[in-house]
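Here's the letter readout for the chains.
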Amino acid sequence: TLPGAPVLCLHGLFAGRWVFERLLPLLAERGYPAAALSFRGPPPAPPIPAIGRTSIAAYCHDAAEAARALDRPIVIGHSLGGLVALLLAARNLVRAAVLVAPAPPRGITVLSARLLARMPRYLPALLLSRPFLPRAGDLDALVLNRVPAGDRDAIRPRFVPDSGRAARQAAL
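About the criteria used
Residues numbered from 1 in each chain as written. Predicted model: local features only at pLDDT ≥ 70, side-chain atom pairs only at ≥ 80, totals over all residues. Heavy atoms only, no water. Patch = residues over 30% accessible without salt bridge, like charges linked within 9 Å, V, L, I, M, F, W, Y side chains within 5 Å. Areas by Shrake-Rupley, 256 points an atom, 1.4 Å probe, with all protein chains shown as cover. Salt bridge = Lys/Arg side-chain N within 4 Å of Asp/Glu carboxyl O. Helix = DSSP H or I, 4+ residues; strand = E, 2+ residues; numbered from the N terminus. Buried < 20%, exposed > 50% of the residue type's maximum accessible area, 1.4 Å probe, protein only. Pairing = 2+ DSSP bridges. Axes fitted to C-alpha atoms, helices over the stretch in contact; angles between N-to-C directions. Contact = heavy atoms within 4.5 Å. Core = buried A, V, L, I, M, F, W, Y, C linked by side-chain atoms within 4.5 Å. Phe/Tyr/Trp six-rings, centres within 6.5 Å; stacked < 30°, edge-to-face > 60°.

**Student:** What's the story with a nonpolar patch on the surface in this structure? I'm lost.
**Tutor:** Where nonpolar side chains cluster on the molecular surface, the patch consists of Leu123, Leu127 and Leu128 and spans about 300 Å² of accessible area. On the secondary structure map, Leu128 appears in the loop between α5 (123-127) and β5 (131-132).

**Student:** How should the pattern of salt bridges be read in this particular structure?
**Tutor:** Between side chains of opposite charge, a pair can form as their charged atoms come close. Going through the model one piece at a time under the given rule, you end up with six salt bridges. The shortest N-O distance in the salt bridge between Arg158 and Glu21 comes to 2.8 Å. Of this pair, Arg158 sits in the loop between α7 (149-155) and β6 (162-163) while Glu21 is found in the loop between β1 (7-10) and α1 (23-29), placing the two residues 137 residues apart along the sequence. Look at Glu21 and you get partly exposed, because its relative accessible area is 44%. Ionic pairing is found between Asp62 and Arg40, a salt bridge with its closest N-O pair at 2.6 Å. With Asp62 in helix α2 (residues 56-69) and Arg40 in the loop between β2 (34-37) and α2, this pair connects stretches of sequence that are 22 residues apart. Taking the relative accessible area as the measure of exposure, Asp62 reaches 15% and is therefore buried.

**Student:** Any chance you could explain the sheet that holds β1 here in plain terms?
**Tutor:** Within a sheet, neighbouring strands are paired by backbone hydrogen bonds and run either parallel or antiparallel to one another. Pairing is parallel across the open sheet formed by four strands, whose spatial order is β2-β1-β3-β4. A single partner strand is all that each edge strand has here, and the edge strands are β2 and β4 (96-100). If you compare each strand with its neighbour and ignore which way they point, the axes differ by 20° on average. Relative to strand β3 (residues 74-78), helix α3 (residues 80-90) is tilted by about 145°, and along the sheet it contacts β1, β3 and β4.

**Student:** How do you make sense of the nonpolar core when you look at a structure like this?
**Tutor:** Note on soluble globular proteins: their nonpolar side chains tend to be buried together. Judged by nonpolar contacts, the single largest core of 36 residues is most densely connected at Leu10, Val84 and Leu88. Among the elements of the structure, β1, α2, α3, α5 and α8 (164-171) are those that each provide at least two residues to this core. Broken down by element, the residue count for this core peaks at seven residues, all from α2. Once you skip the residues sitting within four places of it in the chain, Leu88 turns out to touch Leu10, Cys60, Ala63, Ala64, Ala67, Leu93 and Val94. In this structure, Ala5, Cys9, Ile74 and Ile76 belong to the second largest nonpolar core, which totals eight residues.

**Student:** What is the right way to read the packing of aromatic side chains from this model?
**Tutor:** Any two aromatic rings considered together are summarised by their centre-to-centre distance and by the angle between their planes. Scanning all chains against the criterion turns up four aromatic pairs. Here the aromatic rings of Trp18 and Phe159 are separated by 5.5 Å at their centres, their planes lie at 75°, and the arrangement is edge-to-face. Here Trp18 is found in the loop between β1 and α1, whereas its partner Phe159 is found in the loop between α7 and β6, with 141 residues between them in sequence. Residue class for Trp18 comes out buried when judged on its relative accessible area of 17%. Residues Phe39 and Tyr59 carry aromatic rings whose centres are separated by 5.0 Å and whose planes lie at 40° to one another, so their mutual orientation is tilted. Of this pair, Phe39 sits in the loop between β2 and α2 while Tyr59 sits in helix α2, and the two are 20 residues apart along the sequence. Each member of the pair Phe39 and Tyr59 is classed as buried. A connected cluster of aromatic rings, assembled from ring pairs, spans Phe14, Tyr122 and Phe132.

Listed below in structure tokens is the structure:
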């Protein structure tokens with residue numbers, strides 16, 4: 001049964017568990033013990049110099065360990081975290097998966113004219129599996145485009161460099 005089941009929240013690229021800091025108390029108030037995982041690299045973990053080479057499989061490994069510790073939680077995944085949630089569901093490691101603007105599984109591209117117009121400056125990081133963090137204008141256009149403009153200045157500094165390899169895998 002789902003009532004009272006634990007909930008595990010998974011973030012997208014460049015973010016961390018902080019993305020869910022408003023959601024966790026709401027879930028707990030409704031009887032769902034909730035936790036958010038930061039994948040390797042974002043705070044509170046120390047930065048990883050080789051984060052650029054980290055694969056989606058590595059992020060999935062991190063999430064699978066957390067899911068096992070919570071005994072098949074309900075998983076809420078945003079962006080890359082949504083793809084990881086889907087991969088956990090395929091391995092029967094979760095009770096249910098909620099996908100919020102997920103990165104798509106294999107065979108469905110996320111490439112669009114808007115994305116391609118902003119990506120040339122990041123191609124070296126994507127192709128050579130280096131860490132990267134999009135510029136403020138690119139974050140606003142591609143990541144924070146539904147966040148009120150007045151709130152973006154407080155959010156942008158929380159983003160951290162992430163994996164060019166994982167971004168390439170998600171895009172293709």
